[in-house]
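Reading the structure
What follows is the residue order along each chain.
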Amino acid sequence: SAVISQKPSRDICQRGTSLTIQCQVDSQVTMMFWYRQQPGQSLTLIATANQGSEATYESGFVIDKFPISRPNLTFSTLTVSNMSPEDSSIYLCSVGDTSPGEQFFGPGTRLTVL
Amino acid sequence: GDSVTQMEGPVTLSEEAFLTINCTYTATGYPSLFWYVQYPGEGLQLLLKATKADDKGSNKGFEATYRKETTSFHLEKGSVQVSDSAVYFCALSPNVRGSYIPTFGRGTSLIVHP
């Protein structure tokens, strides 16, 4: 198992600004994942972040809007750029690269864009 | 592609009632199946899993049996508690090395009243 923390836990931001979300894991992991969970919806994978390489983005998500850093094996950041109210969501990071389908999630960052 | 279908919520029950949340899936091959739970204000946690047909996953009084013939993985609990109030996600993942990202259902909200 892994213990994951995220900062901030929640934020209220103005349209057009950017927010960087931090994800810290208590052990070294190869793969980290970023998800978006819109109100009342399931999870949508934004990207997979491997240390030492560019993040791999899913269809509908682009690096200019959601730049990701992965400077080491225990840390990653996701930036939500030029925000609009449609970006209001919960953003979750997770890890899990030892057993197919088993992932450990952080507590999430609840973002509201006004 | 792979998909998971869950019954729509919210499911509202009185304490000590019997719980069933239906989940069916579409997948090629023989995936692993999961139930994740998301308590209010938290990230997702793995609740239970089953990796092959007829396996029964169980945890915290919850059970689900992998039914290949009906492509189902229904979640059950004999006597729910108020503390079980949460959103429950059914998920699947191919049993393929390197395939770590699960496909999630839309989630089913459970509300348990005292």
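Attention here is on the structure that accompanies the text. (Residues numbered from 1 in each chain as written. Chains lettered and ligands numbered in written order. Predicted model: local features only at pLDDT ≥ 70, side-chain atom pairs only at ≥ 80, totals over all residues. Heavy atoms only, no water.)

1. Re the sheet that holds strand β3 (residues 19–25) of chain A
All names here are of chain A. Ordered by their spatial adjacency, four strands build an open sheet running β1-β3-β8-β7, and the pairing between neighbours is antiparallel. On the outer flanks of this sheet lie β1 (4–7) and β7 (68–72), each paired with one strand and no other. Across the sheet, the mean angle from the axis of one strand to that of its neighbour is 15 degrees, orientation sign disregarded. Across four bridges, the pairing between β1 and β3 is antiparallel. Paired with Q6 across the bridge in β3 is C23. (Pairing = 2+ DSSP bridges. Helix = DSSP H or I, 4+ residues; strand = E, 2+ residues; numbered from the N terminus. Axes fitted to C-alpha atoms, helices over the stretch in contact; angles between N-to-C directions.)

2. Points about the pairing of strand β11 (residues 109–113) of chain A
All names here are of chain A. Extensive coverage of β11 is indicated by the burial of four of its five residues. Relative to β11, strand β2 (residues 10–13) runs parallel, the two sharing four bridges. Across the sheet, the residue bridging to I12 is T112, located in β11. Both strand β9 (residues 89–95) and β11 contribute to a ladder of three bridges, which runs antiparallel. By the bridge assignment, Y91 is partnered in β11 with T109. (Buried < 20%, exposed > 50% of the residue type's maximum accessible area, 1.4 Å probe, protein only.)

3. What about the sheet that holds strand β3 (residues 19–21) of chain B?
The pairing of strands in a sheet happens through backbone hydrogen bonds and is either parallel or antiparallel. All names here are of chain B. On the basis of which strands lie adjacent, the open sheet formed by four strands has the order β3-β9-β8-β7 and antiparallel pairing. Each edge of the sheet is formed by a strand with only one pairing partner; in this case those strands are β3 and β7 (56–59). Here the average twist between neighbouring strands, direction ignored, is 20 degrees. Across three bridges, strand β8 (residues 62–65) lies against strand β9 (residues 75–77) in antiparallel orientation. What sits directly across from E63, in β9, is E76.

4. Points about the pattern of salt bridges
Residues and elements named next belong to chain B. Applying the stated criterion across every chain, the model contains five salt bridges over all chains. K56 is the partner of E63 in a salt bridge, and the nearest nitrogen-oxygen pair spans 3.7 Å. Across the pair D84 and K77 runs a salt bridge whose closest N-O atoms are separated by 2.8 Å. Just as D84 is buried, K77 falls in that class too. (Salt bridge = Lys/Arg side-chain N within 4 Å of Asp/Glu carboxyl O.)

5. Topic: the layout of surface pockets
Here the largest pocket is characterised by a volume of approximately 460 Å³. Taken together, 27 residues line the largest pocket, and the ones lying closest to its centre are P39, G40 and Q41 of chain A together with V87 and R106 of chain B. Among the elements that line the lining of the largest pocket, the one with the most residues is β11 of chain A, at three residues. By residue class, the composition of the lining of the largest pocket is eight nonpolar, 15 polar and four charged. (1 Å grid on protein atoms, 1.4 Å probe; cavity = no way out; pocket = protein on both sides within 12 Å on 5 of 7 lines; lining within 4 Å. Points joined across faces, edges and corners; volume = space filled by probe spheres on them. Nonpolar A, V, L, I, M, F, W, Y, C, P; charged D, E, K, R; others polar.)

6. Some details on the interface of chain A and chain B
Contact with chain A, which involves 22 residues of that partner, is made by 20 residues of chain B. For the pair chain A and chain B, the summed buried area comes to about 1,700 Å², and 56% of that belongs to carbon and sulfur atoms. Run the count over chain A and chain B and you get one salt bridge. Across the salt bridge formed by K49 of chain B and E102 of chain A, the nearest N and O atoms sit 2.2 Å from each other. For the pair chain A and chain B, the interface holds eight residue pairs in polar contact (both at pLDDT 80 or more). Ranked by the residues each element gives to the side of chain A that touches chain B, the list is headed by strand β4 (residues 31–37) of chain A, at four residues. (Contact = heavy atoms within 4.5 Å. Buried area = accessible area lost by both parts, 1.4 Å probe. Polar contact = N/O pair within 3.5 Å; in protein donor to acceptor, adjacent residues only side chain to side chain.)

7. Re unusual backbone geometry
Cis rather than trans, the peptide bond between K7 of chain A and P8 of chain A has omega equal to -10 degrees. Looking at the secondary structure, you find P8 of chain A in the loop between β1 and β2. Residue P10 of chain B follows G9 of chain B across a cis peptide bond; omega there is 0 degrees. For P10 of chain B, the location among the structural elements is in the loop between β1 (3–6) and β2 (11–14). Look at N82 of chain A: it is not a glycine, yet its phi comes out positive at around 45 degrees. Secondary-structure assignment places N82 of chain A in the loop between β8 (75–80) and β9. Since its relative accessible area comes to 54%, N82 of chain A is described here as exposed. A positive phi angle, near 40 degrees, is found at T71 of chain B, a position not held by glycine. Tracing the backbone through its elements, the reader meets T71 of chain B in the loop between β8 and β9. Given the relative accessible area of 30%, T71 of chain B is considered partly exposed.

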